[in-house]
Number of protein chains: 2
Amino acid sequence: MSTSLKPAHIDLPAPPTRPDPNHAGCRGVASVLSRVGDKWSVFVIMTLGDGPKRFNELKRIIDGISQRMLTLTLRGLERDGLVTRTVFPTIPPRVDYELTELGRGLADPVQALGQWAFAHLPEIEGARTRFDQRNDT
Amino acid sequence: MSTSLKPAHIDLPAPPTRPDPNHAGCRGVASVLSRVGDKWSVFVIMTLGDGPKRFNELKRIIDGISQRMLTLTLRGLERDGLVTRTVFPTIPPRVDYELTELGRGLADPVQALGQWAFAHLPEIEGARTRFDQRNDT
DNA sequence: CAGTATCCTCATAGATACTG
DNA sequence: CAGTATCTATGAGGATACTG
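Residues numbered from 1 in each chain as written. Chains lettered and ligands numbered in written order. Predicted model: local features only at pLDDT ≥ 70, side-chain atom pairs only at ≥ 80, totals over all residues. Heavy atoms only, no water.

1. Considering the sheet that holds strand β3 (residues 94-99) of chain B
All names here are of chain B.
(1) Moving on: The 3 strands lie next to each other as β1-β3-β2, forming an open sheet whose pairing is antiparallel. Each end of this open sheet is capped by a strand with a single partner; those strands are β1 (53-54) and β2 (83-88).
(2) Moving on: Looking at chain direction, β2 and β3 are connected through 6 bridges and run antiparallel. Looking at β3, one finds that Thr86 is bridged to Asp96.
(3) Moving on: Here helix α4 (residues 67-79) sits on the sheet and contacts β2 and β3; the angle it forms with β2, its principal contact strand, is near 115°. (Pairing = 2+ DSSP bridges. Helix = DSSP H or I, 4+ residues; strand = E, 2+ residues; numbered from the N terminus. Contact = heavy atoms within 4.5 Å. Axes fitted to C-alpha atoms, helices over the stretch in contact; angles between N-to-C directions.)

2. Section: the sheet that holds strand β2 (residues 83-88) of chain A
(1) Moving on: With antiparallel pairing, the 3 strands of this open sheet are ordered in space as β1-β3-β2 (chain A). Unpaired on one side and paired on the other, β1 (53-54) and β2 of chain A mark the two borders of the sheet.

3. What to know about the side chain of Thr47(B)
Residues and elements named next belong to chain B.
(1) Moving on: Within the secondary structure, Thr47 sits in helix α2 (residues 41-49).
(2) Moving on: Of the polar contacts made by the side chain of Thr47, one reaches the backbone oxygen of Phe43; its length is 2.5 Å.
(3) Moving on: Residues contacting Thr47, with those up to four places away along its chain left out, are Lys53, Leu58, Ile61 and Ile62. (Polar contact = N/O pair within 3.5 Å; in protein donor to acceptor, adjacent residues only side chain to side chain.)

4. Considering the protein's contact with DNA strand D
(1) Moving on: Among the 25 residues in the neighbourhood of DNA strand D, the closest are listed as Gln67(A), Arg85(A), Tyr97(A), Lys39(B) and Arg68(B).
(2) Moving on: Within the contact set of DNA strand D, a phosphate oxygen lies 3.3 Å away from a side-chain nitrogen or oxygen of Arg75(A).
(3) Moving on: Between Pro93(A) and DNA strand D, the recorded distance is 3.4 Å, taken from a backbone N or O atom to a sugar or linking oxygen.
(4) Moving on: Among the elements that line the surface near DNA strand D, the one with the most residues is helix α4 (residues 67-79) of chain A, at 4 residues. (Near = heavy atom within 4 Å.)

5. Quick look at unusual backbone geometry
Residue and element names in this part refer to chain A.
(1) Moving on: The omega angle of the peptide bond from Ile91 to Pro92 is 0°, so this bond is cis rather than trans.
(2) Moving on: Checked against the element boundaries, Pro92 lands in the loop between β2 and β3 (94-99).
(3) Moving on: A positive phi angle, near 30°, is found at Asp63, a position not held by glycine.
(4) Moving on: One can find Asp63 in the loop between α3 (55-62) and α4.

6. Quick word on the environment of Thr71(A)
Residue and element names in this part refer to chain A.
(1) Moving on: Its place among the elements puts Thr71 in helix α4.
(2) Moving on: Residue class for Thr71 comes out partly exposed when judged on its relative accessible area of 23%.
(3) Moving on: Considered as a pair, Thr71 and Phe55 are 16 residues apart in the sequence and their alpha carbons are 8.4 Å apart. (Buried < 20%, exposed > 50% of the residue type's maximum accessible area, 1.4 Å probe, protein only.)

7. Section: the packing of helix α2 (residues 41-48) of chain A against helix α5 (residues 101-135) of chain A
Residue and element names in this part refer to chain A.
(1) Moving on: The interhelical angle for the contact between α2 and α5, taken along N-to-C directions, is 115°, at an axis separation of 10 Å. With respect to their mutual orientation, α2 and α5 come out roughly perpendicular. Between α2 and α5 lies a crossing whose hand is left-handed. Here α2 contributes Val42, Ile45 and Met46 to the contact with α5, which in turn contributes Leu106, Ala107, Val110 and Gln111. (Parallel < 35°, antiparallel > 145°, perpendicular 65-115°, else oblique. Left-handed = near helix turned anticlockwise from the far one by under 90°.)

8. Section: the pairing of β3(B)
Residue and element names in this part refer to chain B.
(1) Moving on: The sheet contact formed by β1 and β3 spans 2 bridges and is antiparallel. If you follow Arg54 over to β3, its bridge partner there is Asp96.
(2) Moving on: Here β2 folds back onto β3 in antiparallel fashion, the turn holding 5 residues.

9. Overview of the pattern of salt bridges
All names here are of chain A.
(1) Moving on: Counting across every chain of the model gives 14 salt bridges over all chains.
(2) Moving on: A salt bridge links Asp80 to Arg35; the nearest nitrogen and oxygen atoms lie 3.7 Å apart. Residue Asp80 is found in the loop between α4 and β2, and its partner Arg35 is found in helix α1 (residues 21-37); the two are separated by 45 residues along the sequence. The residues Asp80 and Arg35 share a single accessibility class, namely buried. (Salt bridge = Lys/Arg side-chain N within 4 Å of Asp/Glu carboxyl O.)

10. Side note on the nonpolar core
(1) Moving on: Counting residues in each nonpolar core, the largest one holds 62 residues, and the members touching the most others are Val36(A), Leu106(A), Val36(B) and Leu106(B).
(2) Moving on: The contact partners of Leu106(A), leaving out residues within four places of it in the chain, are Val32(A), Val36(A), Ile45(A), Leu82(A), Leu113(B) and Trp116(B). (Core = buried A, V, L, I, M, F, W, Y, C linked by side-chain atoms within 4.5 Å.)

In structure tokens form, the structure reads like this:
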């Protein structure tokens, strides 16, 4: 595997000079947002939101994700204690992924953000269009 | 400038085959989370949370951010309608950045996520340590 | 002061092939 | 079925130098 499970963007840059509580929080936020904001984690968390799923089940539902990326995303989430990985030693093998209590807790604020995003998507897209028109030609 | 203001990870991959409402929401979420989850946007949004700031003021406060990345991040946020950029044609020039109404609205769910992150950071770090011990040898 | 313009590096993510 | 292994490209992000 070429990609480490401890990506650089999770262990963040230079510590703040001021021990500002806002900043301490910010580092934590950013650490979680890096995890949650990467290309696929949200999809996986949301998909697991309505019950445990198997590997290829996730792959089918999320569509567009490569096998490799699904594996890496799941390992990352597992590392952070957000999902559990349960292996059933049958033939063919079966592996279930499920949100932990922690993972379900994370799903809430993420969904809040999601609802905000959904509600304001028209505004944002409008702003993007206007900005691009001002700057394109 | 080598980096586009319309990064590929914001205009997302293949559209879902099923018009699942959950999925439509997910794409929106992911779009915003990509913006919010990139390396610096959260810091900027949070820093602007307590009032407008100037370019170098932001650069000093956020520390670790390069001039280039601050510029790009601010442009991205401006493009999405989350911050305004106000130029005072004085000498030396002065440019103020400020959260828009939209930006302040985003700050709320982001802070919610941030508080969750801060509250559960010990759990997450514990999980990471245990995972790494299981797999490092 | 507030940026652009370049150059460079390395991590992220896709495609493909192979395996227990 | 559920992964690993390998190769490759793309582009995010840093360093530095220059400018209105």
